[in-house]
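Descriptive structure summary
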Amino acid sequence: MSDEKVISRGFTGRRSAEASKLPPGQYLTQDFPVLSATPTPRIPLDGWEFTVTTEDGAVARRWNWQAFRALPAVAITTDIHCVTRWSKFDTMWEGVAIDTLLDGVQSTATYAMAHSYGGYTTNVPLADLQNGKAWVAFRYGGKELEPEHGGPARLLVPHLYFWKSAKWVNGLTLMPHDEPGFWERLGYNMYGDPWREQRYTGD
Ligand SMILES: Nc1nc2c(c(=O)[nH]1)N[C@H]1C(S)=C(S)[C@@H](COP(=O)(O)O)O[C@H]1N2
Ligand SMILES: [Mo]
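What you see is a predicted model; the values in this text were computed from it and never measured.

Let's shift gears to the site of ligand 1. Taken together, 20 residues sit near ligand 1, with Pro33, Ala37, His149, Arg154 and Lys167 positioned nearest. Note that a nitrogen atom of ligand 1 is positioned 3.1 Å from one of the backbone N or O atoms of serine 165. Lysine 167 is positioned such that a nitrogen or oxygen atom in its side chain is 2.6 Å from an oxygen atom of ligand 1. Residue classes in the shell around ligand 1 are distributed as 13 nonpolar, 4 polar and 3 charged.

Okay, here's the thing in structure tokens:
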């Protein structure tokens, strides 16, 4: 077997592995584009908090930054997919699993609304936040998460389009029914599965 053949086979293999990681209608980027509907809020850490509110309106959990950062955190390496069609592979994060934040919370809710500093909201089925599928991330690429990308902390729900990964997140409100958040009210899909190309209402 010639060297050339070995090289081209290896190249083909990597390319098809990449292609199989790319959802339909997406292209791969090495950049990390910033997409924000509002100006970047500046959130002093000593004023930061994260709350879990149950469907009866009661605040079931509340952390300040120090208490939040004392929770067990995990490293996450994952692909991300923006509805504007860029995807980025193998992004590296550190965060607290939503499972940890919901641990012991009494609720029969099936949906959650994520709330952010600045007023952004996005809805996600609770099942899509649980069992190690979503985190509140506070580090990216080995550094504290930059404000433009949602620092001090953002939701990370990488199996759904990236608009579900609310930047500057400050709480989850549990809900008995699905309700639209910011982009969902403006015509984006209630669920947003990139593999089924659920970009807009009705997709
Ligand atoms: N609070 C807030 N979160 C947000 C957004 C936003 O405008 N405000 N944009 C969403 C969209 S559409 C995308 S693609 C990602 C972009 O994250 P990035 O700017 O870190 O790439 O954040 C999501 N989370
Ligand atoms: Mo997006």
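Right, let's talk about the packing of aromatic side chains for a bit. Counted under the stated rule, the structure contains 18 aromatic pairs. Seen in terms of ring centroids, tryptophan 86 and phenylalanine 162 are 6.1 Å apart; in terms of plane orientation they differ by 80°. Their pairing is edge-to-face. Of the two residues, tryptophan 86 sits in strand S5 (residues 86–97) while phenylalanine 162 sits in the loop between strand S10 (154–156) and strand S11 (169–175), which places them 76 residues apart along the sequence. You can call tryptophan 86 buried: its relative accessible area is 3%.

Spatially, the 5 strands line up as an open sheet ordered S3-S2-S11-S6-S7, and their pairing is mixed. Edge positions in the sheet fall to strand S3 (59–64) and strand S7 (121–125), since each has one partner strand and no second. Each strand of the sheet is rotated relative to its neighbour by a mean of 15°, with strand direction disregarded.

The phi torsion of most residues other than glycine is negative, and most of the peptide bonds are trans. In this structure, proline 152 follows glycine 151 across a cis peptide bond, with omega equal to 15°. Mapping proline 152 onto the fold places it in the loop between strand S9 (143–144) and S10. One non-glycine residue with positive phi stands out, namely arginine 85, at about 95°. Assignment of secondary structure puts arginine 85 in the loop between strand S4 (74–81) and S5. Positive phi is not limited to glycine here, since asparagine 131 has a value of about 60°. Inspection of the secondary structure assignment puts asparagine 131 in the loop between S7 and strand S8 (135–140).

How each quantity is defined
- Per-chain numbering applies: the sequence of each chain, read as written, is numbered from 1 onward.
- Throughout, the order in which chains and ligands are written sets their labels, letters from A for the former and numbers from 1 for the latter.
- Per-residue local features of the predicted model are confined to residues with pLDDT of at least 70, and side-chain atom pairs are confined, for both listing and counting, to 80 or more; whole-chain, interface and lining totals are unaffected and use all residues.
- To obtain the side-chain values, all non-hydrogen atoms of the structure were used and water was disregarded.
- Only a single heavy atom is needed: when it lies within 4 Å of a molecule or strand, its residue is near that molecule or strand.
- Here a polar contact is taken to be a pair of N or O atoms separated by no more than 3.5 Å, where protein atoms must pair a possible hydrogen donor with a possible acceptor and residues adjacent in sequence count only if both atoms sit in side chains.
- Following the grouping adopted for this structure description, the nonpolar residues are Ala, Val, Leu, Ile, Met, Phe, Trp, Tyr, Cys and Pro, the charged ones are Asp, Glu, Lys and Arg, and the polar ones are all others, Gly among them.
- Pairing of aromatic rings covers Phe, Tyr and the six-membered ring of Trp, with a centre-to-centre limit of 6.5 Å; geometry is then stacked below 30 degrees between planes, edge-to-face above 60, and tilted otherwise.
- Counting from the N terminus, the helices are DSSP H or I runs at least four residues long and the strands are E runs at least two residues long.
- Throughout this description, buried means an accessible area under 20% of the type-specific maximum (1.4 Å probe, protein chains only), exposed means over 50%, and partly exposed covers the range between.
- Strands are labelled as partners when DSSP assigns at least two bridges between them.
- For helices, the fitted axis covers only the stretch in contact; all axes are lines through C-alpha atoms, and the angles between them, taken along N-to-C directions, range from 0 to 180 degrees.

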